[in-house]
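Geometric and topological summary
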Amino acid sequence: MKQARKPAPEAEFWKEVLSPLKDRYPGFILIAEAYWGMESDLLDLGFDYAYDKAGYDHLRRSDMMAFKQDLSNEGVRCARMVRFLENHDEERMATAFPLEGRRSAAVIHATSPGMKLFHHGQLEGLRKKAPVQLGRQPDEPVDGPFRTFYQGLLKLTGESVFRQGEWRALPVSAAFEGDEGYRPIVAFAYSWKSARAVIAVNQGSVDASGYLLFPEGYWRDRSEIRLLDRLSEPEALYVRERGELETRGLYVKLGPYGFHFLAASP
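On to the layout of surface pockets, then. Volume-wise, the largest pocket comes out at about 420 Å³. Forming the walls of the largest pocket are 17 residues, and the residues nearest its centre are S112, G114, K116, F162 and R163. Looking at the lining of the largest pocket, the elements that each hand over two or more residues are α6 (102-111), α7 (144-157), α8 (160-163) and β5 (166-169). Grouping the amino acids of the lining of the largest pocket by side-chain chemistry returns 9 nonpolar, 5 polar and 3 charged.

For strand β8 (residues 195-202), the tally of buried residues reaches 7 of 8 residues, placing the bulk of the element in the interior. Where strand β7 (residues 185-192) meets β8, 8 bridges bridge the pair, whose relative direction is antiparallel. Bridge pairing in β8 links A189 to V198. What sits between β7 and β8 in their antiparallel hairpin is a turn of 2 residues, with K193 showing a positive phi close to 55 degrees. Pairing of β8 with strand β13 (residues 259-264) involves 6 bridges; the strand directions are antiparallel.

Overall, antiparallel pairing links the 6 strands, which are arranged β5-β7-β8-β13-β10-β11 in an open sheet. Pairing within the sheet leaves two strands with one partner each, and these edge strands are β5 and β11 (236-241). Each strand of the sheet is rotated relative to its neighbour by a mean of 20 degrees, with strand direction disregarded. Strand direction decides the pairing type here: β5 and β7, joined by 4 bridges, are antiparallel. Pairing of W167 across the sheet is with Y190, part of β7. Against the sheet, helix α4 (residues 64-74) contacts β5 and β7, and its axis sits at roughly 35 degrees relative to β7.

Ordered by their spatial adjacency, 3 strands build an open sheet running β6-β9-β12, and the pairing between neighbours is antiparallel. Of all strands in the sheet, those bounded by a partner on one side alone are β6 (172-173) and β12 (250-254). Across 2 bridges, β6 lies against strand β9 (residues 208-212) in antiparallel orientation. In the sheet register, V172 faces β9, and the bridge partner there is L212.

Below, the discussion takes up empty space enclosed by the protein. Taken as a whole and assessed by the stated rule, the structure comprises 1 cavity of 30 Å³ or more. Elements represented by at least two residues in the lining of the largest cavity include exactly α3 (53-61) and α6. The element that contributes the greatest number of residues to the lining of the largest cavity is α3, accounting for 3 residues. Residues of the lining of the largest cavity, tallied by class, amount to 6 nonpolar, 3 polar and 2 charged.

Right, let's get into the nonpolar core. Ranked by size, the top nonpolar core spans 35 residues in total, and within it V107 and L153 carry the most contacts. Counting 21 residues, the second-largest nonpolar core is a separate cluster that includes Y182, A187, L212 and F214.

On to the packing of α6 against α7, then. For the pair α6 and α7, interaxial distance at closest approach is 11 Å and the crossing angle is 25 degrees. Taken as axis vectors, α6 and α7 run roughly parallel relative to one another. You can see that α6 and α7 cross each other, and the crossing is right-handed. Between α6 and α7, the residues in contact are R102, R103, A106, V107, H109, A110 and T111 and P145, F146, F149, Y150, L153 and T157, respectively. Across the contact of α6 with α7, the residue classes break down as 8 nonpolar, 3 polar and 2 charged.

This part takes up helix α1 (residues 13-24). Compared with the 16 Å implied by 1.5 Å per residue over 12 residues, the 18 Å span of α1 between its first and last C-alpha is a close match. Put simply, E12 is the residue that caps the front of α1, since its side-chain oxygen is 3.1 Å from the backbone nitrogen of W14.

The rules behind these values
Residues numbered from 1 in each chain as written. Predicted model: local features only at pLDDT ≥ 70, side-chain atom pairs only at ≥ 80, totals over all residues. Heavy atoms only, no water. 1 Å grid on protein atoms, 1.4 Å probe; cavity = no way out; pocket = protein on both sides within 12 Å on 5 of 7 lines; lining within 4 Å. Points joined across faces, edges and corners; volume = space filled by probe spheres on them. Helix = DSSP H or I, 4+ residues; strand = E, 2+ residues; numbered from the N terminus. Nonpolar A, V, L, I, M, F, W, Y, C, P; charged D, E, K, R; others polar. Buried < 20%, exposed > 50% of the residue type's maximum accessible area, 1.4 Å probe, protein only. Pairing = 2+ DSSP bridges. Axes fitted to C-alpha atoms, helices over the stretch in contact; angles between N-to-C directions. Contact = heavy atoms within 4.5 Å. Core = buried A, V, L, I, M, F, W, Y, C linked by side-chain atoms within 4.5 Å. Parallel < 35°, antiparallel > 145°, perpendicular 65-115°, else oblique. Left-handed = near helix turned anticlockwise from the far one by under 90°. Expected span 1.5 Å × (residues − 1). Polar contact = N/O pair within 3.5 Å; in protein donor to acceptor, adjacent residues only side chain to side chain.

Rendered as structure tokens:
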């Protein structure tokens, strides 16, 4: 008796669809709304970008060690991830994050690599989640101070150092032996021509401190580093020596959900 022949495996659907589509429309951008840990697979199949659902979940839980580890695991693909703080599936940012942690989450989101999505009403601090089947958004008051903060933040991240500069995640080390207060701190650095920007955020509910570690040559051609905190009220200026930053790093101490948005003048 002959054995039944096993059917040939079906071809991968997305590979068959996306390859000819990109050949015909090379400028067409394809985004995968991935919610099941399949981001890397979908990028390999031809999507230009994939949702960063894992990063969103880590940020919402304030699991910043996992958040930083995921950024490290993304490698060069970090520029192909879609970052978001709310969308039609998730809760409103204003209700999903602690009240005092909304601004710090906004800073992390706006300065992370990749594509950033801003949901309708996010910048205004709206709290009511409208189902997609609803034809209109419920009326509710705008959070004026939060909108003003967001306007300032997006104005800063619209500058050339963020738009055209090189992004990198900065390691954060303990302030002293045995201290784990550095764990909730996320730090990024941007460089473009002579411009430098350093972002440090404590996405945690207790004080945090540590040293931001810079790559070799990041502060080249400078002896004195003048760091202006552009989101503090009023703006604060910190002056450091290059040797200090190159050997030990930049010490930061941040209160709950505190952050620095530092610009180094040329």
